[in-house]
Amino acid sequence: MFDGITPQLLFGQLLIGFINGSFYAMLAMGLAIIFGLMRVVNFAHGAQYMLGAFVAWLLLNIFGVPYWGALFIAPVVVAAFGLVMERLILKPIANLDHLYSLLITYAATLVIEGLIRQRYGSTGLPYSSPLPGGVNLGFMFMPWYRLWVVLFSAVTCLGTWLLIEHTKLGAYLRAANQAPEIVESFGINVPRMVTLTYAFGVGLAGLSGVLAAPIYQVSPSMGSTLMITIFAVVVIGGMGSIVGAIVTGYVLGILEGLTKVFYPEGANLVIFFIMLVVLIFRPGVQLNGKGN
Amino acid sequence: MPHDADGTLLAVDNLKAWYAESQALHGVNFKVKKGELVTLIGRNGAGKSTTLRSIMGIVRNRQGSIKFEGQELIGLRTFQIARKGIAWCPEERGIFSDLSVRENLTLPPHLIEGGMTDDELMEAFPNLKARASSGGTQLSGGEQQMLAIARILRNGCKFLLLDEPSEGLAPVIVKEIGNQIRQLKARGYTILLVEQNLNFARAVADRHVVIEHGQVVDQLTNEELAANVDRVKTYLGV
């Protein structure tokens, strides 16, 4: 069955796997941060990722701001959007069953996607690569922009992990994941921390969207197709675990790429198959796993 | 420090509290003077912990009045109450398992002048110094209790709400915790202590407030309690 597998095919798919894994890791990390503190399954994460790409597109086509500017501006814009969303629709239902936040973020997804589709259509808009060209490594061709995405997302994941595991701010967050009322009893403004954490997670989704814009088409549905996989990643990585989300994101991206080489028919299924196995054999980790 | 002329630091008046639909407190009244060590005693489920949680704003559905230094606390959020100078050590101790002992200890920010420094804390609780880099929940029950009390001394709050610090600990450890609490009183802290262990309560407190079915049914000084131990034991069901 391994006949006809050339190094070009193998490494090409490995690279695609790594790129997909980078997006899985960044998006799953944002979801895990939000879920850890708020117990909110943020179904709007895909729409917020899409907004990041759209804001980058608008910045370029209306304000003439190039990719490198959008890389900083768009995540801030999307984070601000998340901040308003938390205040307007999530805070009022914070004390209700978590099912409501799941439903309302899903509703937000439908509204956001619908509005964008109404205005810009559903076919998708092109966003040209800020780093055209690439390098021939002998066994494969490495486009510069994809190398940039892999490196940048790795640095983002590492930076976020360091922030959460090795700073005072991160210690507040980890403590509040476990017992927010005790952290608040120390005099820390936990409600504000919740708002900012949601905005941060949403900003990460926006950042992923900007990174994705030159690779995928900028389209209203670019987030929702990806989100199903991302939720599988979060479930496999352990709900709320930052390290779990990052590692699982990369590993599954690469596994998916390898499956495309060795068993193409299974490529779309492999992540969900792993999720099934994990849920059957290690369900406890998914229910209460907040640790690393 | 603005408080009533008679030295009242905390005045709880007709406090009612609810968990969802079920009412847990039915009009609790008592006062704590500055520098006093007062216990809330009573059976399981009488409303002792709920009283502490209501003062701290953890239980938010509450009515009546809770005045601290003359200022109303009802309507404030927990973090705002903490910033007024009240610290809470919960029954389950609330040690964070994802954080090291040092991280647990240094988590509360300095809110008010006069909080203990990290060095002072390590000195006052030498056991914790040796275990600083261990995981928070790798400590023994007694050490966890020490840590839970130690860390709330950091933010400078001078009124401490301690919820059953003796619970589930060996007698020798209970004695040690008792010594620590007496030292805190000597340092000028005002303490409201929830206790079911009558001997422990008698060993540390100035005064006792007995709670039954969400109401205060008796208040005694430590001397009065000594003369009425049998009566108080019926309150506790022992």
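Conventions we followed
Residues numbered from 1 in each chain as written. Chains lettered and ligands numbered in written order. Predicted model: local features only at pLDDT ≥ 70, side-chain atom pairs only at ≥ 80, totals over all residues. Heavy atoms only, no water. Helix = DSSP H or I, 4+ residues; strand = E, 2+ residues; numbered from the N terminus. Buried < 20%, exposed > 50% of the residue type's maximum accessible area, 1.4 Å probe, protein only. Contact = heavy atoms within 4.5 Å. Axes fitted to C-alpha atoms, helices over the stretch in contact; angles between N-to-C directions. Parallel < 35°, antiparallel > 145°, perpendicular 65-115°, else oblique. Nonpolar A, V, L, I, M, F, W, Y, C, P; charged D, E, K, R; others polar. Salt bridge = Lys/Arg side-chain N within 4 Å of Asp/Glu carboxyl O. Polar contact = N/O pair within 3.5 Å; in protein donor to acceptor, adjacent residues only side chain to side chain. Pairing = 2+ DSSP bridges. Phe/Tyr/Trp six-rings, centres within 6.5 Å; stacked < 30°, edge-to-face > 60°. Lys NZ or Arg CZ within 6 Å of the ring centre and 35° of its normal. Patch = residues over 30% accessible without salt bridge, like charges linked within 9 Å, V, L, I, M, F, W, Y side chains within 5 Å. Areas by Shrake-Rupley, 256 points an atom, 1.4 Å probe, with all protein chains shown as cover.

Asker: Please explain the environment of Ile 33 of chain A as it appears in this structure.
Answerer: Residue and element names in this part refer to chain A. Tracing the chain through its elements places Ile 33 in helix 1 (residues 7-38). Residue Ile 33 is classed as buried on the basis of its relative accessible area, which comes to 3%. C-alpha of Ile 33 to C-alpha of Leu 279: the two residues are 246 residues apart in sequence and 21 Å apart in space. Those residues in contact with Ile 33 that sit more than four places away from it in its chain are Thr 160, Ile 164, Leu 173, Thr 197, Phe 200, Leu 204 and Ile 242.

Asker: Would you take a moment to explain the packing of helix 10 (residues 242-262) of chain A against helix 11 (residues 270-281) of chain A for this structure?
Answerer: A pair of packed helices can be characterised by two numbers: the angle between their axes and the separation between those axes. Residues and elements named next belong to chain A. Where helix 10 meets helix 11, the closest approach of the two axes is 9 Å, and the angle between their N-to-C directions is 125°. Here helix 10 lies oblique to helix 11, going by the angle between them. Here Leu 252, Leu 255, Glu 256 and Thr 259 of helix 10 lie close against helix 11, whose contacting residues are Val 270, Ile 271 and Ile 274. Residues of the contact of helix 10 with helix 11, tallied by class, amount to 5 nonpolar, 1 polar and 1 charged.

Asker: Honestly, the packing of helix 5 (residues 144-166) of chain A against helix 6 (residues 168-178) of chain A in this entry has me stumped. Any pointers?
Answerer: Residues and elements named next belong to chain A. It is at 5 Å that the axes of helix 5 and helix 6 come closest, and there the two elements cross at 75°. One finds that helix 5 runs roughly perpendicular with respect to helix 6. The segment helix 5 lies against helix 6, with Leu 163, Ile 164 and Glu 165 engaging Leu 169, Gly 170, Ala 171, Leu 173 and Arg 174. Looking at the contact of helix 5 with helix 6 residue by residue, the classes come out as 5 nonpolar, 1 polar and 2 charged.

Asker: Help me understand the environment of Leu 193 of chain B in this model?
Answerer: All names here are of chain B. Tracing the sequence through the fold places Leu 193 in strand 8 (residues 190-195). Counting along the chain gives 183 residues from Leu 193 to Leu 10, while the straight-line C-alpha distance between them is 13 Å. Discounting residues that sit within four places of it in the chain, Leu 193 has contacts with Leu 37, Val 38, Thr 39, Leu 40, Leu 162, Pro 165, Ile 181, Phe 200 and Val 204.

Asker: Would you take a moment to explain the interface of chain B and chain A for this structure?
Answerer: A common way to express how large an interface is: the accessible area buried when the components associate. Facing the 26 residues of chain B at the interface are 20 residues of chain A. Inspection of the chain B/chain A interface yields 2 salt bridges. With a closest N to O distance of 2.9 Å, Glu 184 of chain A and Arg 77 of chain B form a salt bridge. Along the contact surface separating chain B from chain A lie 11 residue pairs in polar contact (both at pLDDT 80 or more). The greatest single-element share of the side of chain B that touches chain A, amounting to 4 residues, is contributed by helix 2 (residues 78-84) of chain B. The class makeup of the residues in the side of chain B that touches chain A is 15 nonpolar, 5 polar and 6 charged.

Asker: Help me understand the sheet that holds strand 9 (residues 207-212) of chain B in this model?
Answerer: Through backbone hydrogen bonds, the strands of a sheet pair up, either in parallel or in antiparallel fashion. Residues and elements named next belong to chain B. Read from one edge to the other, the open sheet built from 6 strands follows the order 6-7-8-3-9-10, with strand pairing classed as mixed. Edge positions in the open sheet fall to strand 6 (86-89) and strand 10 (215-221), since each of these has one partner strand only. Geometrically, the sheet is characterised by an average inter-axis angle of 20° between neighbouring strands, direction not taken into account. Sheet topology note: the strand 6/strand 7 (residues 159-163) ladder contains 4 bridges and is parallel. Pairing of Trp 88 across the sheet is with Leu 161, part of strand 7. Against the sheet, helix 10 (residues 229-236) touches strand 3 (37-41), strand 9 and strand 10, its axis set at about 155° to strand 10.

Asker: I would appreciate a short explanation of the packing of aromatic side chains in the present structure.
Answerer: Given two aromatic rings, one states the distance between the centres and the angle between the planes to describe the pair. In the structure shown here, the tally under the stated rule is 14 aromatic pairs over all chains. Note on Phe 11 of chain A and Phe 139 of chain A: the rings are 4.5 Å apart at their centroids and 55° apart in plane angle, and the pair reads as tilted. Taken as a pair, Phe 11 of chain A in helix 1 and Phe 139 of chain A in the loop between strand 1 (134-136) and strand 2 (141-143) lie far apart in primary sequence, 128 residues in all. Ring geometry for Phe 43 of chain A and Tyr 106 of chain A: centres 5.8 Å apart, planes at 85°, overall edge-to-face. Of the two residues, Phe 43 of chain A sits in the loop between helix 1 and helix 2 (45-62) while Tyr 106 of chain A sits in helix 4 (residues 98-120), which places them 63 residues apart along the sequence. Its relative accessible area of 28% is what places Phe 43 of chain A among the partly exposed residues. Between Arg 119 of chain A and the ring centre of Tyr 120 of chain A, over which it is positioned, the NZ or CZ distance is 5.0 Å. Its end group placed over the ring of Tyr 189 of chain B, Lys 158 of chain B keeps NZ or CZ at 4.7 Å from the ring centre.

Asker: How do you make sense of a nonpolar patch on the surface when you look at a structure like this?
Answerer: Residue and element names in this part refer to chain A. Taken together, Phe 273, Leu 276, Val 277, Ile 280 and Phe 281 make up a surface patch of nonpolar side chains, about 560 Å² in accessible area. With respect to the element layout, Phe 273 can be found in helix 11. A relative accessible area of 55% places Phe 273 in the exposed class.

Asker: What is the right way to read the pairing of strand 4 (residues 62-68) of chain B from this model?
Answerer: All names here are of chain B. Inspection of the sheet shows strand 1 (residues 8-19) paired to strand 4 by 6 bridges, in the antiparallel sense. Bridged to Lys 16 within strand 4 is Gln 63. Here strand 4 runs beside strand 5 (residues 71-72); their pairing, made up of 2 bridges, is antiparallel. Along strand 5, the bridge assignment pairs Lys 67 with Glu 72. Hairpin remark: strand 4 followed by strand 5, antiparallel, with 2 residues in the connecting loop; positive phi at Glu 69, about 50°.

Asker: Explain the sheet that holds strand 1 of chain B to me, please; I cannot follow it from the model alone.
Answerer: Read across the sheet, 4 strands follow the order 2-1-4-5 (chain B) without closing on themselves; strand pairing throughout is antiparallel. Bordering the open sheet on either side are strand 2 (22-33) and strand 5 of chain B, each of which pairs with just one other strand.

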